[in-house]
Amino acid sequence: MHALLQAAGDDDDTLELINQPWSEHDTQVLVVTAIGIAVVVLLITMLKMHGFLALTIGSLFVAIGSGIPLGDVAGVFETGVGDVLGTVGVLVVLGAMLGKLLADSGGADEIVDKIFRGSTGSLPWRMALIAFLIGIPMFFEVGLVLLIPVIMLAVRRSGLPAMLLAMPALAGLSVLHGFVPPHPGPLAAIGNLGADVGITMALGLLIAVPTVIIAGPVWGRFAAKLVPIGAQGGGGGIVAEEAGGSGEPGTVKTRNPTFVLTLVTILSPVILMLVRAGVEVWASPDSWFFPFVSFIGEPLVALLIAVLLAMITFGTSVGFALGTLGSKMTESLKPIASATMIVGAGGGFKAVLVEGGTGIAIGKAAVAMSLSILLLGWLIAVLVRIATGSATVAIVTASGIVAPLATGLTPTHLALLVLAIGAGSLILSHVNDAGFWLVKEYFGMTVGQTLKTWTVMETIIAVLGLVFTWLLWLVV
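The shown structure was predicted, so the numbers you read here are calculated from the model rather than taken from an experiment.

Let's talk about the overall build of the protein chain
Then, number 1: The secondary structure content of the protein chain amounts to 23 helices and zero strands.
Then, number 2: When the 476 residues of the protein chain are sorted by exposure, 57% land in the buried category.
Then, number 3: Looking at the protein chain alone, contacts between residues at least 24 apart form 81% of all its contacts between residues at least 6 apart.
Then, number 4: Per element, the accessible surface of the protein chain, about 18,400 Å² overall, is 70% carbon and sulfur.

The following block contains the structure:
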């Protein structure tokens, strides 16, 4: 049986609808959806409109054009926004708090100092490891601001080409941003598709390791030859100033957290979620420990435990007062407000696509073309990413479109679909992507040099992500 029909599984209603003859309404909703996505793209790229507003306008247009009664349009959109923010928004907030405490306590510095010890020959690999560890709880932009001065310092100390050390670090951050919760994109796709966070995280980390190796240290050797630049003097100073933030009154600390405590704290939610995923697969629900492990491994609880632990290990134990910790928690929410609302609007977009019948129409077309749901999700994410420059918009849009087709997938296949969409959302970063300009300016490169290094690296990640998810799809 075709892979898409298998994806429908035991969901008889979905399977029956997908196998019905093509109708005029199917053509209508696909045309309307294409126009709606084009509207979102134009509003973001041409009018420089915020992604939340663009997705909201595009969602309302698609809802009306798909035939949803006018009186129901706003309600369908609002329900979709609430459903996603109810599951994703809290996790994004907790992840931001953890990342802020890691940065301001000096915990990130402890990781860097420890991993920097050793020969220069292995430095690119250690840069990838630093980014991998720091990138788990941090958003891409925050991690980038923290790592740029580290990269510059390493280049100056070692005398190695900048791209040899930059590519591994950037690859580590980017892969985690697209593949691993609690980053907003993967969480949004998990919410849209109903995937399990623990399984997605486990498979995401499994795929992330070889992807970072190839797109980071391996590609970095070629990138260093294509763009043979050294450290840029101005970049490190700019980043260091931006990355500061401990100068306000009351934030003086007495010491940094130890390396061991830092690792335990930032990896604690990952460990709890992975343990929960393993117990739910291998243990009996009647086991005495099953309810407890399921509870503490729930993403919200695991991240909450990590934040509470961080308030001690990254807070009071290093000299921060309780009032200071409260202020830092508040500060951590400012940078994520935009991404969170984009995710919410993406949930609303998904809701109108489902209600209007776009997913069923795409299912019919995919069956006719013998197109795998995995490839379909990846391709949609690729197209939206190239058009809008936003990985988050690409993930929420693609996962919303394919959501009706994924109702019968196993938890493992749902997680792989999330990862394939996340991989597609990273492809071909260019001039409409904020990350492109951040990398260009921080390293003092030209547009052409950034395309030859950063853009190629992002594309390598996207293609490898699809390859690895496809291989796992075939064997699990």
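Read on for the rest.
Quick notes on the pattern of salt bridges
Then, number 1: In total, this model carries six salt bridges according to the counting rule given.
Then, number 2: Arg385 is the salt-bridge partner of Glu458, the closest N and O atoms lying 3.3 Å from each other. Of this pair, Glu458 sits in helix H23 (residues 447–475) while Arg385 sits in helix H19 (residues 373–388), and the two are 73 residues apart along the sequence.
Then, number 3: Taking relative accessible area as the criterion, Glu458 reaches 2% and is therefore assigned buried.
Then, number 4: The class of Arg385 is buried, set by a relative accessible area of 2%.
Then, number 5: Connected through salt bridges with shared partners, the residues Lys100, Asp104, Lys328 and Glu331 form a single ionic network.

So, the packing of aromatic side chains
Then, number 1: Under the defined criterion, the tally for this structure stands at two aromatic pairs.
Then, number 2: Pairing Trp219 with Phe222 gives two aromatic rings, centres 6.4 Å apart and planes at 20 degrees, and the pair type is stacked. Note that Trp219 and Phe222 are positioned in helix H11 (residues 197–226) at a spacing of three residues, about one turn of the helix.
Then, number 3: Take Trp219: its relative accessible area is 12%, and that puts it in the buried class.
Then, number 4: Above the ring of Phe320, the side-chain terminus of Lys328 is found at 5.0 Å from the ring centroid.

Description of the packing of helix H17 (residues 337–356) against helix H20 (residues 391–402)
Then, number 1: At a minimum axis separation of 8 Å, H17 and H20 run at an interaxial angle of 25 degrees. One way to sum up the angle between H17 and H20 is to call them roughly parallel. The two elements H17 and H20 cross, and the hand of that crossing is right-handed. Residues Ile342, Val343, Gly346, Phe349, Lys350, Leu353 and Val354 of H17 pack against Thr392, Val393, Val396, Thr397, Gly400 and Ile401 of H20.

Describing the nonpolar core
In a soluble, globular protein the nonpolar side chains are often hidden away together inside.
Then, number 1: One finds Met127, Met163 and Phe443 to be the most contacted residues of the largest nonpolar core, which totals 148 residues.
Then, number 2: Looking at which element gives the most residues to this core, the answer is helix H9 (residues 162–179), with 13 residues.
Then, number 3: In this structure Met163 touches Pro168, Gly220, Ala223, Ala224, Val227, Ile229, Phe443, Met445 and Thr453, once residues within four positions along its chain are discounted.

Regarding the environment of Phe259
Then, number 1: Mapping Phe259 onto the fold places it in helix H13 (residues 259–282).
Then, number 2: Spatially, the C-alpha atoms of Phe259 and Ala108 are 8.9 Å apart, while their sequence positions differ by 151 residues.
Then, number 3: Sequence-distant contacts of Phe259, that is, excluding residues within four places in its chain, are made with Glu110, Ile111 and Lys114.

Focus: the confidence of the model for the protein chain
Then, number 1: Predicted confidence across the protein chain gives a mean pLDDT of 80, with 86% of residues reaching 70 or more.
Then, number 2: Mean pLDDT across the secondary structure elements of the protein chain bottoms out at helix H12 (residues 233–243), with 35, and peaks at helix H21 (residues 411–424), with 95.
Then, number 3: Counting interchain partners and residues more than four positions distant, the pLDDT-below-50 stretch residues 1–12 has 28 contacts.
Then, number 4: In this model, residues 232–250 is a region of pLDDT below 50 whose contacts with residues beyond four sequence positions or in other chains number 22 contacts.

A word on the packing of H11 against H23
Then, number 1: Put simply, H11 and H23 touch, their axes get as near as 9 Å, and they point 150 degrees apart. Relative to H23, H11 is oriented roughly antiparallel. For H11 against H23, the interelement crossing comes out right-handed. Here Leu203, Leu206, Ile207, Pro210, Thr211, Ile214, Ala215, Trp219, Ala223 and Leu226 of H11 come into contact with H23, specifically with Lys452, Thr453, Val456, Met457, Ile460, Ile461, Leu464, Phe468, Thr469 and Leu472.

Description of helix H10 (residues 184–193)
Then, number 1: Within H10, nine of the 10 residues are buried, which leaves it mostly tucked inside the rest of the structure.
Then, number 2: For H10, the set of buried residues is Pro184, Gly185, Pro186, Leu187, Ala188, Ala189, Ile190, Asn192 and Leu193.
Then, number 3: Directly beyond the C-terminal end of H10, a positive phi value near 70 degrees is found at Gly194.

Side note on helix H7 (residues 123–135)
Then, number 1: Over its 13 residues, H7 extends 18 Å from the first C-alpha to the last, a length consistent with the 18 Å expected when each residue adds 1.5 Å.
Then, number 2: Burial within H7 is extensive, with 11 of its 13 residues counted as buried.
Then, number 3: Every buried residue belonging to H7 is among Leu123, Pro124, Arg126, Met127, Ala128, Ile130, Ala131, Phe132, Leu133, Ile134 and Gly135, and all of these are buried.

Digging into the environment of Thr330
Then, number 1: Residue position: Thr330 is located in helix H16 (residues 322–333).
Then, number 2: Taking the C-alpha atoms as reference points, Thr330 and Lys100, 230 residues apart in sequence, are found 9.9 Å from one another.

What to know about unusual backbone geometry
Across the chain, the bulk of peptide bonds are trans and the bulk of non-glycine residues have phi less than zero.
Then, number 1: Not every positive phi belongs to a glycine, and Lys48 is a case in point at roughly 55 degrees.
Then, number 2: Position of Lys48 among the secondary structure elements: in the loop between helix H3 (24–45) and helix H4 (51–65).
Then, number 3: Assessed through its relative accessible area of 67%, Lys48 is described here as exposed.
Then, number 4: Even without being a glycine, Leu428 presents a positive backbone phi close to 50 degrees.
Then, number 5: Within the secondary structure, Leu428 sits in the loop between H21 and helix H22 (434–443).

Comments concerning the environment of Leu133
Then, number 1: With respect to the helices and strands, the residue Leu133 is situated in helix H7.
Then, number 2: With near-sequence residues (within four places) excluded, Leu133 lies in contact with Ile111, Ile115, Leu263, Ile266 and Leu267.

A closer look at the side chain of Thr211
Then, number 1: The topology assignment puts Thr211 in helix H11.
Then, number 2: Those residues in contact with Thr211 that sit more than four places away from it in its chain are Val175, Phe179, Gly216, Ile461, Leu464 and Phe468.

About the cut-offs
- Residues numbered from 1 in each chain as written.
- Predicted model: local features only at pLDDT ≥ 70, side-chain atom pairs only at ≥ 80, totals over all residues.
- Heavy atoms only, no water.
- Helix = DSSP H or I, 4+ residues; strand = E, 2+ residues; numbered from the N terminus.
- Buried < 20%, exposed > 50% of the residue type's maximum accessible area, 1.4 Å probe, protein only.
- Contact = heavy atoms within 4.5 Å.
- Areas by Shrake-Rupley, 256 points an atom, 1.4 Å probe, with all protein chains shown as cover.
- Salt bridge = Lys/Arg side-chain N within 4 Å of Asp/Glu carboxyl O.
- Phe/Tyr/Trp six-rings, centres within 6.5 Å; stacked < 30°, edge-to-face > 60°.
- Lys NZ or Arg CZ within 6 Å of the ring centre and 35° of its normal.
- Axes fitted to C-alpha atoms, helices over the stretch in contact; angles between N-to-C directions.
- Parallel < 35°, antiparallel > 145°, perpendicular 65-115°, else oblique.
- Left-handed = near helix turned anticlockwise from the far one by under 90°.
- Core = buried A, V, L, I, M, F, W, Y, C linked by side-chain atoms within 4.5 Å.
- pLDDT = per-residue confidence, 0-100.
- Expected span 1.5 Å × (residues − 1).

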